[in-house]
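Structural overview
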Amino acid sequence: MRVLAGEALPRPPVWLMRQAGRYLPEYRAVRAQAGSFLDLCYNPALATEVTLQPIRRFGFDAAILFSDILVVPHALGQDVRFTEGEGPRLDPVTGLADLAHLDEELDLGRLSPVFETLQRLRGDLPGETTLLGFCGAPWTVASYMIAGKSTPDQAPARVLAYRDPVFIERLIDRLVTASVRYLVAQIDAGADAVQIFESFAGALPPALFDRLSLDPVRRLVEGVRVARPQARVIVFARGAGPRLEVLAKSGIADAVGLDWAVDPAWARDVLQPLRPVQGNLDPLALVAGGRALDEAVDAILAAFAGRPHIFNLGHGILPETPISHVERMLRRVRGD
């Protein structure tokens, strides 16, 4: 929280995206007893447990709520399910007629288990550990809602952005409104800060980026801050590249998340004077381990030293990541 307020620390705080996940045997044990993935997300006792697991094991400086970005369309009335080995499946929403079948407003009652999880975490976490909530950015969530699954280049949503801009605009607007309510409720339930995952920013050409990504995220953050002026927000726009400068200059985010493709030297010179940054170790360097991992960690620490920085991966930790490599990375970051 000190870094999000603009303070530079001698050693950066550290957490990892997807730090509660399949690389941990204790997570796999809980997942096996939970039923479906959504059952796990909506079970406060189990979701609390898996959120706490990496904190107990590694002592990360932040715990991030265990949930999924697709609980928002689920709470809007879209059918969402997770198929083992295939990922999420949704009944596609591809036009105004489909949109009319969804709820106008987010059903917060349907998400009450998520808020109970945050309340439990608030009581169970060590006092020095930041509790992060999150949501998906409107464009990223809309891409899933339209395609009905993850797609390599978000082509179904991009085609509709050209072909039916009225539908895309209305879908994005609904997701902005829903996500504001969702993040405000997370903050009220105990989240210290929230992260917005714009996982598919890199799929958008420049002509669509401002309209479908940057502007909706701006409206989302503004809505949260109107309701809760103290809110701290991290924006992670994967694949945005040089367009992150526009994000940093806009003042939308308290911190700008960096994926692994962002040059730390560029981010140091261009972004860090404007906003704290978060990132950006390549998840595959963490898988590889050894000297390559040490050198990658040291390069990031050196690049961002002396200015506000949160150490993290450039995307989520991979299931095949050895636990010993995470421990090695943490020793390096902490100077142990």
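As annotated in an unreviewed UniProt entry, the protein chain carries the name Uroporphyrinogen decarboxylase and comes from Chelatococcus albus. Entered under Sequence similarities (unreviewed entry) in the UniProt record, the comment concerning the protein chain runs "Belongs to the uroporphyrinogen decarboxylase family." Checking UniProt for the protein chain, the heading Catalytic activity (unreviewed entry) contains the comment "uroporphyrinogen III + 4 H(+) = coproporphyrinogen III + 4 CO2".

**Let's talk about the packing of helix α8 (residues 155–163) against helix α9 (residues 165–189)**
Axis angle and axis distance: for two packed helices, these are the angle between their axes and the distance between the axes, and together they describe the pair. Contact pair α8 / α9: the axes reach a minimum separation of 6 Å and the direction vectors enclose 115 degrees. Contacts between α8 and α9 pair A157, L160, A161, Y162 and R163 from the former with P165, F167 and I168 from the latter. Across the contact of α8 with α9, the residue classes break down as seven nonpolar, no polar and one charged.

**Here we look at the packing of helix α3 (residues 44–58) against helix α6 (residues 112–124)**
Packing of α3 against α6 leaves a shortest axis separation of 9 Å and a crossing angle of 50 degrees. Between α3 and α6, the interaxial angle falls into the category oblique. α6 is crossed by α3, and the crossing has right-handed handedness. Along the contact surface, α3 presents P44, A45, A47, T48, T51 and L52, while α6 presents P113, E116, T117, R120, L121 and D124. Residues belonging to the contact of α3 with α6 are distributed by class as follows: six nonpolar, three polar and three charged.

**A closer look at the UniProt feature "domain: Uroporphyrinogen decarboxylase (URO-D)" (unreviewed entry) in the protein chain**
In the numbering adopted here, UniProt assigns the feature "domain: Uroporphyrinogen decarboxylase (URO-D)" (unreviewed entry) to residues 13–22 and 132–148. Annotated as residues 13–22, this span is 0% helix and 0% strand, and its ends, taken at the C-alpha atoms, are 23 Å apart. Within the segment residues 132–148, helix and strand shares are 59% and 29% respectively, and the terminal C-alpha atoms sit 27 Å apart.

**Some remarks on the pattern of salt bridges**
Under the criterion given, the structure shown has 22 salt bridges. In this structure, R56 engages E49 in a salt bridge whose closest nitrogen and oxygen atoms are separated by 2.9 Å. The exposure class assigned to R56 is exposed, which follows from its relative accessible area of 54%. When salt bridges with common partners are traced through the structure, they connect D173, D215, R218, R219 and E222 into a single cluster.

**Some remarks on the nonpolar core**
In this structure, I196, L281 and M329 are the most contacted members of the largest nonpolar core, which totals 127 residues. The dominant element in this core, judged by the number of residues it contributes, is α9, at 14 residues.

**Re the sheet that holds strand β5 (residues 193–198)**
Strand order across the open sheet formed by seven strands is β1-β4-β5-β6-β7-β8-β9, with parallel pairing between neighbours. On the outer flanks of this sheet lie β1 (62–64) and β9 (309–313), each paired with one strand and no other. The sheet shows a mean angle of 25 degrees between the axes of neighbouring strands, taken without regard to direction. Bridge count between strand β8 (residues 277–281) and β9: five bridges; the pairing is parallel. Pairing of L281 across the sheet is with L313, part of β9.

Criteria and thresholds
Residues numbered from 1 in each chain as written. Predicted model: local features only at pLDDT ≥ 70, side-chain atom pairs only at ≥ 80, totals over all residues. Heavy atoms only, no water. UniProt positions renumbered as here; feature names shortened; annotations may be inferred. Axes fitted to C-alpha atoms, helices over the stretch in contact; angles between N-to-C directions. Helix = DSSP H or I, 4+ residues; strand = E, 2+ residues; numbered from the N terminus. Contact = heavy atoms within 4.5 Å. Nonpolar A, V, L, I, M, F, W, Y, C, P; charged D, E, K, R; others polar. Parallel < 35°, antiparallel > 145°, perpendicular 65-115°, else oblique. Left-handed = near helix turned anticlockwise from the far one by under 90°. Salt bridge = Lys/Arg side-chain N within 4 Å of Asp/Glu carboxyl O. Buried < 20%, exposed > 50% of the residue type's maximum accessible area, 1.4 Å probe, protein only. Core = buried A, V, L, I, M, F, W, Y, C linked by side-chain atoms within 4.5 Å. Pairing = 2+ DSSP bridges.

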